[in-house]
Number of protein chains: 2
Amino acid sequence: MPAPDSITDKLDQIQSGRESRGQRTRLGLQEAALRLLGHDKSFSSLSLREVTREAGIVPTAFYRHYQTMEELGQDLVADSFRTLRQMIRSVRTDGLPSSGNMIQGTVQVLVQHIHANRLHFQFIARERFGGYSSLRVSIRDEIHAFGQDLATDLARFPILNRWDPESVQMLTTLMVNTMVSIAEQILEAPANDAAAEAEIVRRAERQMVFLSLAVPAWKPKAAKPA
Amino acid sequence: MPAPDSITDKLDQIQSGRESRGQRTRLGLQEAALRLLGHDKSFSSLSLREVTREAGIVPTAFYRHYQTMEELGQDLVADSFRTLRQMIRSVRTDGLPSSGNMIQGTVQVLVQHIHANRLHFQFIARERFGGYSSLRVSIRDEIHAFGQDLATDLARFPILNRWDPESVQMLTTLMVNTMVSIAEQILEAPANDAAAEAEIVRRAERQMVFLSLAVPAWKPKAAKPA
DNA sequence: TGTACATCAGTGAACGCGCGTTCACTGATGTAC
DNA sequence: TGTACATCAGTGAACGCGCGTTCACTGATGTAC
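## Observations regarding helix α5 (residues 102-116) of chain B
All names here are of chain B.
Now for step 1: Compared with the 21 Å implied by 1.5 Å per residue over 15 residues, the 21 Å span of α5 between its first and last C-alpha is a close match.
Now for step 2: Listing the buried residues of α5 in full gives Ile103, Gly105, Val107, Val109, Leu110, Val111, His113 and Ile114.
Now for step 3: On its buried face, α5 is in contact with α4 (69-94), α6 (118-127), α9 (165-188) and α10 (194-214).

See the structure below:
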């Protein structure tokens, strides 16, 4: 029995144009759904027929790829967070753009990434507490995993390295909440309003600075054993 | 021309059983919609016929009260935040339950209120980034107003009273974000799981304490003129 | 490389269903006298 | 308090529509030889 395509294989195939007709249509369905989300609709209110119409295939062909719309939604969740993880990974290897100020650099990377993947973020924001409960669960788990990644990165700071895990997690939760809030504000702001966006970014940076001020004052429960 | 019923008038009538048939049915539609939201559905995916069926009237009677489902949604938003404001007002006059610890008292009141108005909170959480853009706008505005109220209350603390308004707003935003996050976690947790909920509350309290630790370290832009 | 054939992906007609909305109606409610 | 009447709220039939899903089909793709 041949191993199923790994994500990397799939990406390779897509990038080199070697993907099969089936894979192309499947991708077409995903992109069609995302495109429709741009028109102020939530995924859960999209109909199967709408998506296939947008994708340029007949409704019945949908079933060759997914059994339900919910399955398609799961693919979109996976996709959205895959690109998010890629971003984190590239920051980890290449560092932040303006390495002088960590907070500004982080916010800047996040905002750029939101712009580059606007529809993915819109999808996640809408479905985080939206219609399909299975999508809500997946998204919550992915956001949690994102927080764990962040905690690992933060552990490189000497002071945080001495904190108990729960305290670190508390800090990452606050930071992730702030980032989620940034994303949601940017998505809700009128697109291409640079002034409004700069204001959101400025306020977000102030919030992150404020959070960082509490770090030295926090008394973790017990010092981590060396 | 007679003045339209104020909210207080309406409440008076409802409480004293003097409301007209029309008002009763209108209320019945609101309650029917809320009830349906308990079954893991979002308001935007509710159909007019579902709501009237649940309310025990014929679909066409809906139009005697609302032109669209969106209008009904606006009523629900107004209702949800009205009860929230009542809660704040009662805390303001009666004080917090365990007045020794402000943070614990605040979280406790919030959690109690969420339980007492679970469906309203569920509605707000689902529609905050959900289907109808007019509801999104209303909810955002109401949350903003809630933050302004909180800012007023916080201004009674001497140290915050000397902060510039923007700094106070930044703090309230962080606190409101945390409260919203608490609400969302409690709604997503399995109902009646006391242990899980206690854990959410404990973590929330720690987050609030952490936020408060940054307060003395924050340097506001300019001292407020006395 | 060329052919035969199996599998895979897209087609198009058809179905029954719940939807929002219209309309003319009926009966309940409230008011004027 | 009792009656006449206007207004208001709920009814029930009907409509056209888009929906998800079924089915037998056709043509494209990929594989074995």
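## Looking at the confidence of the model for chain A
Now for step 1: Looking at chain A, pLDDT values average 89 and 89% of them are 70 or higher.
Now for step 2: The model gives residues 1-17 of chain A a pLDDT under 50, and that stretch makes 13 contacts with residues more than four places away or in other chains.

## Quick look at the interface of chain A and chain B
Now for step 1: With 37 residues of chain A at the contact, the number on the chain B side is 37 residues.
Now for step 2: In total, chain A and chain B occlude about 3,400 Å² of area from one another, counting both sides; carbon and sulfur atoms represent 56% of this.
Now for step 3: Counting the surface chain A buries against chain B, the share from its top three residues, Phe129, Arg206 and Phe210 of chain A, is 24%.
Now for step 4: At the junction of chain A and chain B, the tally comes to 8 salt bridges.
Now for step 5: In this structure, the connection of chain A to chain B is made through 10 residue pairs in polar contact (both at pLDDT 80 or more).
Now for step 6: In the side of chain A that touches chain B, the residues fall into 14 nonpolar, 9 polar and 14 charged.

## Structural notes on the protein's contact with DNA strand D
Now for step 1: The local shell around DNA strand D holds 17 residues, among which Arg49, Arg53 and Thr60 of chain A together with Thr25 and Arg64 of chain B are the closest.
Now for step 2: Near the protein, meaning within 4 Å, the atoms of DNA strand D are sugar or phosphate in a fraction of 47%, with bases accounting for the rest.
Now for step 3: Contact between DNA strand D and arginine 21 of chain B: a sugar or linking oxygen at 3.0 Å from a side-chain N or O atom of the residue.
Now for step 4: Between a base oxygen of DNA strand D and a side-chain N or O atom of arginine 64 of chain B, the distance comes to 2.3 Å.

## Quick word on the environment of glycine 56 of chain B
All names here are of chain B.
Now for step 1: On the secondary structure map, glycine 56 appears in the loop between α3 (48-55) and α4.
Now for step 2: Under the relative-accessibility criterion, glycine 56 is labelled exposed at 61%.
Now for step 3: Between the alpha carbons of glycine 56 and methionine 102 there is a distance of 45 Å; along the sequence they are 46 residues apart.

## A few points about the protein's contact with DNA strand C
Now for step 1: Taken together, 17 residues form the shell around DNA strand C, and within it Thr25 and Arg64 of chain A together with Arg49, Arg53 and Thr60 of chain B come nearest.
Now for step 2: By atom count, sugar and phosphate contribute 47% of the portion of DNA strand C lying within 4 Å of the protein.
Now for step 3: Measuring from a base oxygen of DNA strand C, one finds a side-chain N or O atom of arginine 64 of chain A at 2.3 Å.
Now for step 4: Contributions of two or more residues to the surface near DNA strand C are made by α2 (21-37) of chain A together with α3 of chain B.
Now for step 5: The leading source of residues in the surface near DNA strand C is α3 of chain B, at 4 residues.
Now for step 6: Residue composition of the surface near DNA strand C, by class: 5 nonpolar, 6 polar and 6 charged.

## Some remarks on the relation of the copies chain A and chain B
Now for step 1: When chain A is fitted onto chain B, the two copies agree to an RMSD of 0.0 Å after a turn of 180° and an axial shift of 0.0 Å. Here the two chains are linked by the operation of a two-fold rotation axis. Ranked by how close their C-alpha atoms come to the rotation axis, the residues of chain A are headed by alanine 214 of chain A, at 2.0 Å.
Now for step 2: Same-surface contact between copies: 100% of interface residues of chain A are shared with the interface of chain B.

## So, the side chain of serine 167 of chain A
Now for step 1: By secondary structure assignment, the location of serine 167 of chain A is in helix α9 (residues 165-188).
Now for step 2: The contacts of serine 167 of chain A, once residues within four sequence positions are left out, are Trp218, Pro220 and Lys221 of chain A together with Arg206 of chain B.

## Let's talk about the pattern of salt bridges
Now for step 1: Taken as a whole and judged by the stated rule, the model has 30 salt bridges over all chains.
Now for step 2: The partner of aspartate 75 of chain A in a salt bridge is arginine 26 of chain A, and the shortest N-O contact between them spans 3.4 Å. Taken together, the residues aspartate 75 of chain A in helix α4 (residues 69-94) and arginine 26 of chain A in helix α2 connect sequence positions 49 residues apart.
Now for step 3: Linking aspartate 40 of chain B and arginine 126 of chain B is a salt bridge whose minimum nitrogen-to-oxygen distance equals 3.7 Å. Of this pair, aspartate 40 of chain B sits in the loop between α2 (21-37) and α3 while arginine 126 of chain B sits in helix α6, and the two are 86 residues apart along the sequence.
Now for step 4: Given the relative accessible area of 35%, aspartate 40 of chain B is considered partly exposed.
Now for step 5: Taken together, the salt bridges that share partners define one network made up of Glu166 and Lys221 of chain A together with Glu199, Arg202, Arg203 and Arg206 of chain B.

Analysis parameters
Residues numbered from 1 in each chain as written. Chains lettered and ligands numbered in written order. Predicted model: local features only at pLDDT ≥ 70, side-chain atom pairs only at ≥ 80, totals over all residues. Heavy atoms only, no water. Helix = DSSP H or I, 4+ residues; strand = E, 2+ residues; numbered from the N terminus. Expected span 1.5 Å × (residues − 1). Buried < 20%, exposed > 50% of the residue type's maximum accessible area, 1.4 Å probe, protein only. Contact = heavy atoms within 4.5 Å. pLDDT = per-residue confidence, 0-100. Buried area = accessible area lost by both parts, 1.4 Å probe. Salt bridge = Lys/Arg side-chain N within 4 Å of Asp/Glu carboxyl O. Polar contact = N/O pair within 3.5 Å; in protein donor to acceptor, adjacent residues only side chain to side chain. Nonpolar A, V, L, I, M, F, W, Y, C, P; charged D, E, K, R; others polar. Near = heavy atom within 4 Å. Least-squares fit on C-alpha atoms with pLDDT ≥ 70 in both.

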